[in-house]
Amino acid sequence: MSQITTQTVRYQAGETALAGTLVFPSETAHPLPGLVMAPNWFGVTDDAAKLAKKVAEQGYVVLLADLYGETARPTNPDEAGAAMMAVKNTPDEVGRMNAAIDTLKSQTSVAVDAQKISAFGFCFGGHCALELARSGADIRAAVSFHGGLDTCGAYDSTQIKAAILVLDGAKDPLVPREQLVAFVNEMTAVNVDWQLVSYHDAVHSFTDETANNPGVAEYHPQVTERAFASLFELLKRVN
């Protein structure tokens, strides 16, 4: 896809005004599969939009979801952490993901195939994508890039309809290794199409070009490309 259009989209989740970013190929001949992208703890940023564009270039309509509110734009880790913890493991986490799905389907800027909707996310956003799937959302796939695998426990995993893909940094100190064991046990206990890929030389935030905390959160370009290849392979299969 040679040209990509980027637009701000304003919508509501309950009483909260949200502002996400719609990213899509500028010229489309038919409805495209839709994706809700949940960003990392900094929320809707230019860096997040860059990742959304990377996906849209492969022939998808991507809505970069606002998980915090139109006026909540963290500028440092303390603000990001506070914004994240106000949403994580509350009804708003899945509620705002669902609001993004509804907005993606109802927007009129580009044709979306409403039967081919999936979700993916990074770090906190990966947790959001998995919780959305656990809630029984009618989506084709849920993909987590270096996200936490824990759950709030409010959902019954037997309701999962989506194919699940977890892309993990094997040396990620911010996702306790015990979570992988619990996730595997959770997935194998139910009839779910799931995959867990753990990259041997990666830590947290391996897709984030700005991550530069060695051994903790660090960009890894080779792993990033492999992880995105896995994302696109799954999306082609489920769509």
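Residues numbered from 1 in each chain as written. Predicted model: local features only at pLDDT ≥ 70, side-chain atom pairs only at ≥ 80, totals over all residues. Heavy atoms only, no water.

For the protein, the name recorded in an unreviewed UniProt entry is Dienelactone hydrolase family protein, with Rosenbergiella gaditana as its organism.

Right, let's talk about the sheet that holds strand β3 (residues 32–38) for a bit. As summarised here, the arrangement of the eight strands in space is β1-β2-β4-β3-β5-β6-β7-β8, forming an open sheet in which the pairing is mixed. Two strands close off the open sheet at either side, each with one partner strand: β1 (4–13) and β8 (194–199). Looking at each pair of strands side by side, their axes are set apart by 20° on average, direction ignored. Across seven bridges, β3 lies against strand β5 (residues 112–122) in parallel orientation. Paired with Ala38 across the strands is Gly121, a residue of β5. Helix α5 (residues 177–188) rests against β7 (163–169) and β8 of the sheet, and its axis sits at about 160° to β8. Relative to strand β6 (residues 141–145), helix α6 (residues 221–238) is tilted by about 175°, and along the sheet it contacts β3, β5, β6, β7 and β8. (Pairing = 2+ DSSP bridges. Helix = DSSP H or I, 4+ residues; strand = E, 2+ residues; numbered from the N terminus. Axes fitted to C-alpha atoms, helices over the stretch in contact; angles between N-to-C directions. Contact = heavy atoms within 4.5 Å.)

Take unusual backbone geometry next. A positive phi angle, close to 40°, is found at His146, a residue other than glycine. Checked against the element boundaries, His146 lands in the loop between β6 and β7. On the accessibility criterion, His146 (1% relative accessible area) is buried. Phi at Ser205 is positive, roughly 60°, even though this residue is not glycine. Within the secondary structure, Ser205 sits in the loop between β8 and β9 (212–213). Residue classification places Ser205 among the buried residues on the basis of a relative accessible area of 9%. (Buried < 20%, exposed > 50% of the residue type's maximum accessible area, 1.4 Å probe, protein only.)

For the rest of this paragraph, the subject is the nonpolar core. Residues Ile139 and Ile164 are the most contacted members of the largest nonpolar core, which totals 47 residues. Those residues in contact with Ile164 that lie beyond four places of it in its chain are Leu130, Ala133, Ala142, Phe183, Met187, Val192, Asp193, Trp194 and Gln195. (Core = buried A, V, L, I, M, F, W, Y, C linked by side-chain atoms within 4.5 Å.)

Viewed as axis vectors pointing N to C, helix α3 (residues 91–106) and helix α4 (residues 124–134) meet at an angle of 80°, and their least axial separation amounts to 9 Å. When the axes of α3 and α4 are compared, the pair comes out roughly perpendicular. Only Phe124, His127, Cys128, Ala129, Glu131 and Leu132 of α4 make contact with α3, whose side of the interface consists of Glu93, Val94, Met97, Asn98 and Ile101. (Parallel < 35°, antiparallel > 145°, perpendicular 65-115°, else oblique.)

Turning our eyes to something else, we now look at α6. Here α6 is 18 residues long and its end C-alpha atoms lie 26 Å apart, about the 26 Å a rise of 1.5 Å per residue gives. For α6, the elements touching its buried residues are β3, α1 (46–56), β5, β6, β7 and β8. (Expected span 1.5 Å × (residues − 1).)

Counting buried positions along strand β2 (residues 16–25) yields eight of 10 residues, so the element is predominantly enclosed. When β1 meets β2, the two strands line up antiparallel, connected through 10 bridges. Looking at the pairing, Val9 lines up with Gly20 of β2. Linking β1 back to β2 in an antiparallel pair, the connection comprises two residues, with Gly14 at a positive phi of about 65°. With three bridges joining them, β2 and strand β4 (residues 61–64) adopt antiparallel strand pairing. Its bridge partner being in β4, Val23 is matched across the sheet by Val62.

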